[in-house]
Amino acid sequence: MTAFGQEWPEPARRAITGLQELVGADEGGRARIALAPGRVNLLGGHTDYNDGYVLPVAVDRRVTCAFAERAEGMLEFVSLDFDDRFIIDPRDLPRYREDDGAFERLAGGRENRWRRYAAGVALEMSAAGLPVPAGLGVIAGDVPLGSGLSSSAALEAAVYLALSNDRATPEAALLCQRAENRWAGVPCGIMDQFASFMAEEGRALFLDCRDLSWHNIDLPAGTAVTVVDSGVRRELAASEYVKRRQEIETALTILRKVAGPLPALRDLTPEVFAEVDDLLPEPLRSRVDHVVGAIARVKEGVTSLALGDTVRFGELMVECHQSLACLYEVSIPELDRIVELALTVEGVFGARLTGAGFGGCSVVFHDNECAEALRQTVTDGFEKNFGRRPPIHHLRSAGGAGVWSVER
Ligand code: GLA
């Protein structure tokens, strides 16, 4: 059992074993094994839904969907991590799309959110006119949950590839984003799904979220990415995320009256913003200030990274964190403290919160050599302040999602 010419990663081994146990060895046949990574964003925070730029890296934590297709019958998903399963009728998907009650019964309560992502992908495939097969999909992952590392996007991507046997494409990322927007009720931008599908190993993905053009940039040799988990689950994330999006819409309505056609904040240059910013009441002024600065920082950061200027790149990460904390107000004391502690370690270039904020992880970009010192300093300092030791993950950058067909 190999992928990438190496052993399957741990969640794939679990999903494959789970599938074999459930299907029964005597049935034989082939299975599709889809793997999709989580991500950390090095620069760009809340810029994607403003038509701006982002710079994520896919990481070696993945969700797997091991899928045995059947000629007919039902489509069943089993989650090994949540010890939960549900069944959906692939011939009757429009019914779930049209009848809220039917979808709610299928998706169950809050604790079953994974169902919304998996079922949402099937529903969006059928809405796009793509065939949805019958069969059994067994899902397992090792992307930490609720940590801002995009376990949901990885789940969507794995389910999509397992069901469709398609290649990783920008269209697939858009379909999975629609699944999350419509069926999980999270109005996320395109960054997470795009990174999970299109990232390349050893590289950061520079994405223009307006036209979805992208290119991958080599991470300088000897650099590494570590995430430190605040341990705070992002309870507020969904509601505050929606609130930020509404604030941006309100700000745009005001700005359009004076600044003319303004499709998105991407079109507001720092110079024009400086002329009109006093028209915006707080906190709208601060919100816009963050987005305008964050977009400019990604552009500069891409050049720094390409030139191997890790020092300037790190400074931009820290500026981004400060802006997310003070202007966009999506940080928490734990995330701020991790950043502060990390910056005291020699060999650390920069640190910032990753994902939507309100909990989850801070990401540290550093020289490979200082990994141990970083672990020590952050663990000790964090424990002193908060009385517990934070989980720390040293991550490797990974390639985007893929699907492999194997003999069962
Ligand atoms: C979440 C969303 C993304 C993006 C980030 C903030 O991860 O899913 O689309 O908006 O927050 O940068």
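What counts and what doesn't
- All residue numbers refer to positions counted from 1 along the written sequence of the respective chain.
- Residues qualify for local features only when their pLDDT is at least 70, as the model is predicted, and side-chain atom pairs are given and counted only at 80 or more; totals for whole chains, interfaces and linings, by contrast, use all residues.
- In computing side-chain values, all of the structure's heavy atoms are included and hydrogens and water are not.
- What counts as a helix is a DSSP run of H or I of at least four residues, what counts as a strand is a run of E of at least two, and both are numbered from the N terminus.
- Values of the radius of gyration come from C-alpha atoms, whereas the globule rule sets the reference at 2.2 Å times the count of residues to the power 0.38.
- Each residue is placed in one exposure class: buried if its accessible area under a 1.4 Å probe, protein chains only, is under 20% of its type's maximum, exposed if it is over 50%, and partly exposed if it falls in between.
- Only heavy atoms enter the contact rule, under which two residues are in contact if any of them lie within 4.5 Å.
- Every accessible area reported is derived by Shrake-Rupley at a probe size of 1.4 Å, with residue values counting cover from the shown protein chains alone.
- Positive charge is attributed to Lys and Arg, negative charge to Asp and Glu, and no charge count is given to His or to the chain ends.
- A single reference atom marks each charge: NZ on Lys, CZ on Arg, CG on Asp, CD on Glu.
- Neighbouring residues are identified by heavy atoms, a residue being near a molecule or strand if any of them is within 4 Å of it.
- Nitrogen and oxygen atoms within 3.5 Å of one another constitute a polar contact, given that in protein one can donate a hydrogen and the other can accept it, and given that sequence-neighbouring residues count only through two side-chain atoms.
- All amino acids are sorted into three groups, where Ala, Val, Leu, Ile, Met, Phe, Trp, Tyr, Cys and Pro are nonpolar, Asp, Glu, Lys and Arg are charged, and the leftover types, Gly among them, are polar.
- Domain delimitation in this document rests on an assignment produced automatically or drawn from a domain database.
- Geometry of aromatic contacts follows a simple scheme: Phe, Tyr and Trp rings, the Trp one being its six-membered ring, pair when their centres are within 6.5 Å, and the pair is stacked under 30 degrees between planes, edge-to-face over 60, tilted otherwise.
- A ring is scored as having a charge over it whenever the NZ atom of a lysine or the CZ atom of an arginine sits within 6 Å of its centre and within 35 degrees of its normal.
- Salt bridge, as used here, is a side-chain nitrogen of Lys or Arg placed within 4 Å of a carboxyl oxygen of Asp or Glu.

Turning next to the overall build of the protein chain. Counting secondary structure elements, the protein chain contains 13 helices and 14 strands. Over its C-alpha trace the protein chain gives a radius of gyration of 21 Å, about what one expects of a compact globule, namely 22 Å for 408 residues. The dimensions of the protein chain, computed from C-alpha atoms along their principal axes, are 65 × 50 × 40 Å. Burial status across the protein chain gives 57% buried among its 408 residues. Restricting to contacts in the protein chain with at least 6 residues of sequence separation, those with at least 24 account for 73%. Approximately 16,400 Å² of the protein chain is accessible, and the part contributed by carbon and sulfur atoms is 49%. Side-chain charges of the protein chain comprise 43 positive and 60 negative groups, with the mean position of each set lying 3 Å from the other.

Moving on, we come to the site of the ligand. Lining the immediate surroundings of the ligand are 13 residues, of which H46, D48, G189, D192 and Y241 lie closest. Backbone polar atom of G189 to an oxygen atom of the ligand: 2.8 Å apart, as the coordinates give it. Within the complex, the protein chains bury 93% of what would otherwise be the 310 Å² of accessible surface of the ligand. For the shell around the ligand, the secondary-structure elements that each account for two or more residues are β3 (30-43) and α7 (191-198). Within the shell around the ligand, the residues separate by chemical class into five nonpolar, five polar and three charged. Viewed by domain, the shell around the ligand spans two of them, domain 1 (2-218 + 398-406) and domain 2 (223-395), each represented by three or more residues.

Aromatic ring pairs are described here by two measures, namely the spacing of the ring centres and the angle between the planes. This model, assessed by the stated rule, comprises eleven aromatic pairs. Aromatic pair Y49 and Y241: ring centres 5.4 Å apart, planes at 70 degrees, arrangement edge-to-face. Taken as a pair, Y49 in the loop between β3 and β4 (53-70) and Y241 in helix α8 (residues 237-259) lie far apart in primary sequence, 192 residues in all. Here the two residues Y49 and Y241 agree in accessibility, since each one is buried. Judged by centre distance (4.8 Å) and plane angle (50 degrees), the rings of F103 and W183 are tilted. Taken together, the positions of F103 in helix α3 (residues 100-107) and W183 in helix α6 (residues 170-183) put the pair 80 residues apart, joining distant regions of the chain. Residue W183 is classed as buried on the basis of its relative accessible area of 11%. Taken together through their ring pairs, the aromatic side chains of F77, F86 and W114 make up a single cluster. We note R95 situated over the ring of Y96; from NZ or CZ to the ring centre the distance is 4.8 Å.

Our next topic: unusual backbone geometry. Cis geometry marks the peptide bond from E282 to P283; its omega dihedral reads 5 degrees. Relative to the elements of secondary structure, P283 occurs in the loop between α9 (270-276) and α10 (284-306). The residue H46 is not glycine, and still its phi comes out positive at about 60 degrees. Summarising the element assignment, H46 is placed in the loop between β3 and β4.

Turning next to the pattern of salt bridges. Here the structure, examined in full by the defined rule, presents 32 salt bridges. Between E124 and R182 there is a salt bridge, with the nearest N and O atoms lying 3.0 Å from each other. A residue pair is termed long-range when its members are at least 10 positions apart, and E124 in helix α4 (residues 113-127) and R182 in helix α6 qualify at 58 residues. Residue class for E124 comes out buried when judged on its relative accessible area of 2%. A network of salt bridges, in which partner residues are shared, links E240, K243, R244, E247, R287 and E329.

These values are about where atoms sit, not about what they do.
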